Each structure stands twice: as C-alpha cells, then as structure tokens.
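An overview of the molecular structure
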Amino acid sequence: MSDTYDIGVIGAGPGGYVAAIRAAQLGFRVVIIEAQATLGGTCLNWGCIPSKALLDSSEHYHNATKAFAVHGIKTGKVSVDWRQMQQRKNDVIANTTAGIDYLMAKNAITVVHGLATFETPSRVRVTASDNAVSTVDAAKWIIATGSTASEIPSVPLDGRYIIGSNEAISLPKIPKEMVVIGGGVIGVELGSVYARLGTAVTIVEWSDRLIPGMDSDLGKALRKSLSGLSITCHFKTKVVASTVANKRVQLTLADSNDKTRTMDTDVVLVAVGRRANTAGLGLEAIGLQTNERGQIAVDDQYETAVKGVYAIGDVTPGPMLAHKASEEGVVCVERMAGHAARLNYATIPGVVYTWPEVAGVGDTEDALKASGRGYKVGKFLFKASGRARAAEESEGFVKVISDAQTDEVLGVHMIGPRASDMIGEAVVAMEFRASAEDIGMITHAHPTFSEAVKEAALGATGQRPIHM
Ligand code: NAI
C-alpha cells in the first residue's frame, strides 16, 4: 500500500472506531487497522454488549420465575433454553459489529485487518491472519488497542474451568457452582447473570466491599441486593492456589490474617481488572515507553512523547470505560482539526448493570471525607417513590452530594431501577455546574423514578425532601 493517510487508527473498539468516524467527518483521510476478524473491540464482541444481552435475558427469566406472581401473572413451568439465549446474544453481537462495518463504509474509512506494529512514527507493518505482510503510512497514528483481562499467577486461566470474562459469556452450559474472583464491575455483572439462571455464585474479593471503586454506600447496598440472588461474598479474601482435577477446580483461599481454607467449584471466573494492550505494538522501535501498568502517557491533545503518535482509551491512564475511550477519540481528532475540544474527566459516569442498577458520577463521599472538603448530602429512598412502588421496584436510593458553601453538585450516586439512564441527568447538571437547589427546582415528570434525583437534591440543600 503506497497511500499515505492523514490519520491511521490502530484498534477498532469504541475508542478507535469512534475516532475514525469523527476524523472522517472532519475531512481527514482515515485508515483503521484491526487484528480481529470483526470490528467493535472488546466492548462489542465480548464485553459491554454481549454481557448486557445476557443480563437482559437472565433478568427476564428471573422476573418470570420470581417477580411475575406478585403482579398477578401466572406462568406454567418456566425454563431456560441456554442455546437460544446464547444464539440471541451472538445475533446481537453480529448485528452490532455489522453496524460498525456499515459506518466505516459510509464514512469512506479504509479498514485493514491484521496485527499492527510500528516501523517508524508514520509507518505501521500489518501482519494479516494468513501471515501476509503489508505496510500502511499515515501522517498521524492513534493507538486505541484497548485492554485484556489481568491474570493472577496462582489461578492460571485454562479457558475451560478457570476462565476470563471473554469465555464467561459463552459457557457451553450453565454451571451448578461458580467462584468469581474479584467483586468489581465484571464480577457482579456476570455473577448476577449466572446466579439468576440458578448457579450458586461465590464472589471472592480482596477489599472489604463490592465495587470498591464506587461510593461505599453503593457497594454495601449492592451486597444486600445480591444476597437475595443467592450470591455469597467473601471479603478481604484472596485465592492463593488452584488445581483442576476431575472436572472440578479446587481453590485455596487466604483471609487478611493469612488463614487459609479450601473450596471447590465447577468454574472459576477471574475478574480482577484489566491491563493495557501495548505489547507487540513495536513501541520500542519508535522510542515510546510505557508505565509499570503498560499504559502510555499522553498530553492534553492525547499526543504521546513521540510526535505524531497519539493514544486514547484503555491504553492511557484513567478509568477503563468504553465511553471514556470514545470521548477521548472525538476530542483527539477534533484537536487535530484545530477545534477547542476538551473532555471533562470529573463528569465521566460509571454504571454497573446489575438489577437494581448502580451508577455514579463525580466525587464519592469517601473521597470528600478524606479530602476534608465540606459537603452536604441528600438521600432519597426508592421505597418512598410512588413510581417505584407501582413498579414493585422500591429497592435502593439516590444520594446527591453538594459543596457545603456553594451548594454546587460534587457527586451523585445511586442504586435503583434504571439508574443507568437516570445518571444522565446528574451528568448534565454537573457539566453545567448546577447546585443541588437547581436540581431541586426543576420540574420532574410524575410519576417517574427520576423524581428521586430531585428529592435527594432537595435533601442536600437542607430543605426536606417532600415525600420522605
Ligand atoms: P474492576 O477493577 O472493576 O474490579 C476488580 C476487582 O477485583 C476489584 O474489586 C479488586 O479489589 C478485586 N481484586 C483484584 N485482585 C484481586 C485478587 N487477587 N483477589 C480478589 N480480588 C481481587 O475490574 P473488572 O471487574 O475486572 O473490570 C475490568 C474493567 O472493565 C474495569 O475498568 C471496569 O470498569 C470495566 N468494565 C466496565 C463495565 C461497565 O461499565 N458496566 C462492565 C464490565 C467491565
């Protein structure tokens, strides 16, 4: 290939493909290199989208078996057709990744499949799956190669009995028992899927609570909620050894006092975080260093220490979230086009798709306490919401935190029905630097779950919520 593109993107996940589309919209000639056969990266092929497909299917089953009766709906015997549930998930993946092919064609973006390795800052060598080698030249390159599940040396993955999240979305059958190592986002989401389908799930978590990266009230409430699904949690515990024998995995667990005990199970899912995919990119050939986590440092234009080479998403420091990667991709190419784009890292929301859902944006109360900054808190429980009671979804709360002096909203954290969508209001409010009083004065439609956000905001202003 002798063409020189304006921008080359390595990796077609939600960081890379979005950067490519925005760059094409801005008039750049764009090429995108992807090692996998399908576009969309982890998010579309093994992560966000397939896990949500299984979360939704398993939630339907859970409701049919556990929640319909109270609504006065009688069913016959309800059972799971695992093959169909898997097929639907695979169809969702195929349709969604095909949509990215369409968008690449629509925006006249050249797609090259193969593994990219830098030869120079403007030339990349691409090795296709049939080992054919080509080179691609671009004036600027954006590294958007994402991340891979981290492993623990004491529990090596074998892809069958000890698995990562990629395998967990395609298990050949629903296991009777599963141990999940790591009570973070993947652990509680995929743990929920299997617990709803009847698997006895045990979560082994090293910290003292679930989803330790989020406001601690959320982790506590989530644990209570998951115990209703027969998910057992062991906190301050890690796995120090594992063996596979007779189609079972035997684990040795150690608590914080190094007291050990053993347990065995059908399948172990390791979900202890992710590491940046930077090995094999030939970064050393262009003099680009990574930090101890394999990540690449960038400036506020997402340019690395090597001129003309940029990086976005999971390969750079910050939360490993699809929407963070996409926004960085947009800002990166808009800055190349001379726009004054920027990303507000203080308003990136985090969502956990359990049911009830968990969502948060901004400072956690734990972080504010530690910082010594004065703050006020308003909390509203869904059990006081008319809409939530009508829906039989009254578990959870919304918590609004505002500055003690100015009343500016510093953080909003919630666990409850449709929290993934409700957090959007908090993000908009914070983006416009709203006060809690501002949210409290906005008319919210009645009856909606979102009234809980208004009521919690009223609580933070020092006024009383109306319905609690
Ligand atoms: P995570 O960082 O959310 O959670 C990992 C958990 O494992 C932490 O709670 C940590 O304390 C625990 N841990 C670490 N080492 C351990 C050990 N040896 N023994 C026991 N516990 C240990 O990482 P996770 O769940 O693997 O997810 C990876 C990334 O993918 C995260 O950045 C997450 O935000 C992202 N993701 C986002 C989703 C969403 O937005 N809904 C869904 C799934 C993943």
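Fair warning: this is a prediction, and the values are worked out from it, not measured in the lab.

A short note on the sheet that holds strand E15 (residues 267-270)
- Across the sheet, which stays open at both edges, the five strands sit in the order E8-E15-E9-E10-E11 with parallel pairing between neighbours. Each of the sheet's edge strands pairs with one partner strand only, and the pair in question is strand E8 (162-163) and strand E11 (231-234).
- Packed on one face of the sheet, helix H6 (residues 185-196) meets strand E9 (177-181), strand E10 (200-204), E11 and E15 and runs near 165° to E10.

Considerations on the sheet that holds strand E22 (residues 409-416)
- Sheet architecture is open: five strands sit in the order E18-E19-E22-E21-E20, paired in antiparallel fashion. Only two strands of the sheet have a single partner each, and these edge strands are strand E18 (350-352) and strand E20 (375-381). The average undirected angle you get between the axes of adjacent strands in this sheet is 10°.
- Across the sheet, helix H7 (residues 216-227) lies against strand E19 (357-362), E20, strand E21 (397-403) and E22, angled at about 0° from E22, the strand it touches most.

Focus: the environment of aspartate 91
- Along the chain, the position of aspartate 91 falls in helix H4 (residues 82-106).
- As for aspartate 91 and aspartate 258, which are separated by 167 residues in sequence, their C-alpha atoms are 46 Å apart.

A few points about helix H11 (residues 419-431)
- For H11, spanning 13 residues, the distance from its first C-alpha to its last is 18 Å, which sits close to the expected 18 Å at 1.5 Å a residue.
- Taken residue by residue, H11 has Ala419, Ser420, Met422, Ile423, Ala426, Val427, Ala429 and Met430 as its buried positions. The arc enclosing the buried residues of H11, seen along the axis, measures out at 160°, which places them on a common side.
- If you follow the buried residues of H11, they end up packed against E18, E19, E22, helix H12 (436-441) and helix H13 (451-461).

Thoughts on the site of the ligand
- Around the ligand, 22 residues are found, and the nearest of them are Ile186, Glu189, Glu205, Gly273 and Val351.
- Interatomic distance of 3.5 Å between a backbone N/O atom of alanine 271 and an oxygen atom of the ligand.
- Contact between the ligand and valine 351: a nitrogen atom at 2.8 Å from a main-chain N or O atom of the residue.
- Relative to its unbound accessible surface of 840 Å², the ligand loses 75% to contact with the protein.
- Top contributing element to the shell around the ligand by residue count: H6, with three residues.
- Grouping the amino acids of the shell around the ligand by side-chain chemistry returns 13 nonpolar, five polar and four charged.

Examining the packing of aromatic side chains
- Tallied over the entire structure, the rule returns three aromatic pairs.
- Taking the ring centre of tryptophan 206 as reference, the NZ or CZ of lysine 238 above it sits at 4.7 Å.
- Lying over the aromatic face of phenylalanine 397, lysine 379 brings its terminal NZ or CZ to 4.3 Å of the ring centre.

Topic: the layout of surface pockets
- Space inside the second largest pocket adds up to approximately 570 Å³.
- In terms of lining, the second largest pocket is formed by 25 residues, of which the most central are Glu59, His62, Asn63, Ala67 and Trp355.
- Listing elements by their share of the lining of the second largest pocket, those giving two or more residues are helix H3 (48-67), H6 and H7.
- Its residues assigned to classes, the lining of the second largest pocket shows eleven nonpolar, eight polar and six charged.

Focus: the domain arrangement of the protein chain
- The domain architecture assigned to the protein chain consists of domain 1 (5-149 + 275-343), domain 2 (162-272) and domain 3 (347-460).
- The interface is formed by 16 residues belonging to domain 1 together with 15 residues belonging to domain 2.
- Contact between domain 1 and domain 2 buries roughly 1400 Å² in total, counting both sides, with carbon and sulfur atoms accounting for 65%.
- For the domain 1 face of the interface with domain 2, the top three residues by lost area are Trp46, Leu55 and Trp82, together amounting to 41%.

Observations concerning the pairing of strand E12 (residues 237-245)
- Of the pairings in the sheet, the one linking E12 to strand E13 (residues 248-255) comprises eight bridges and is antiparallel in character. Along E13, the bridge assignment pairs alanine 241 with threonine 252.
- Adjacent in sequence and paired antiparallel, E12 and E13 are bridged by two residues, among which asparagine 246 carries a positive phi angle near 50°.

Thresholds applied
- Residues numbered from 1 in each chain as written.
- Predicted model: local features only at pLDDT ≥ 70, side-chain atom pairs only at ≥ 80, totals over all residues.
- Heavy atoms only, no water.
- Pairing = 2+ DSSP bridges.
- Helix = DSSP H or I, 4+ residues; strand = E, 2+ residues; numbered from the N terminus.
- Contact = heavy atoms within 4.5 Å.
- Axes fitted to C-alpha atoms, helices over the stretch in contact; angles between N-to-C directions.
- Expected span 1.5 Å × (residues − 1).
- Buried < 20%, exposed > 50% of the residue type's maximum accessible area, 1.4 Å probe, protein only.
- Arc of directions from axis to C-beta.
- Near = heavy atom within 4 Å.
- Polar contact = N/O pair within 3.5 Å; in protein donor to acceptor, adjacent residues only side chain to side chain.
- Areas by Shrake-Rupley, 256 points an atom, 1.4 Å probe, with all protein chains shown as cover.
- Nonpolar A, V, L, I, M, F, W, Y, C, P; charged D, E, K, R; others polar.
- Phe/Tyr/Trp six-rings, centres within 6.5 Å; stacked < 30°, edge-to-face > 60°.
- Lys NZ or Arg CZ within 6 Å of the ring centre and 35° of its normal.
- 1 Å grid on protein atoms, 1.4 Å probe; cavity = no way out; pocket = protein on both sides within 12 Å on 5 of 7 lines; lining within 4 Å.
- Points joined across faces, edges and corners; volume = space filled by probe spheres on them.
- Domains from an automatic or database assignment.
- Buried area = accessible area lost by both parts, 1.4 Å probe.

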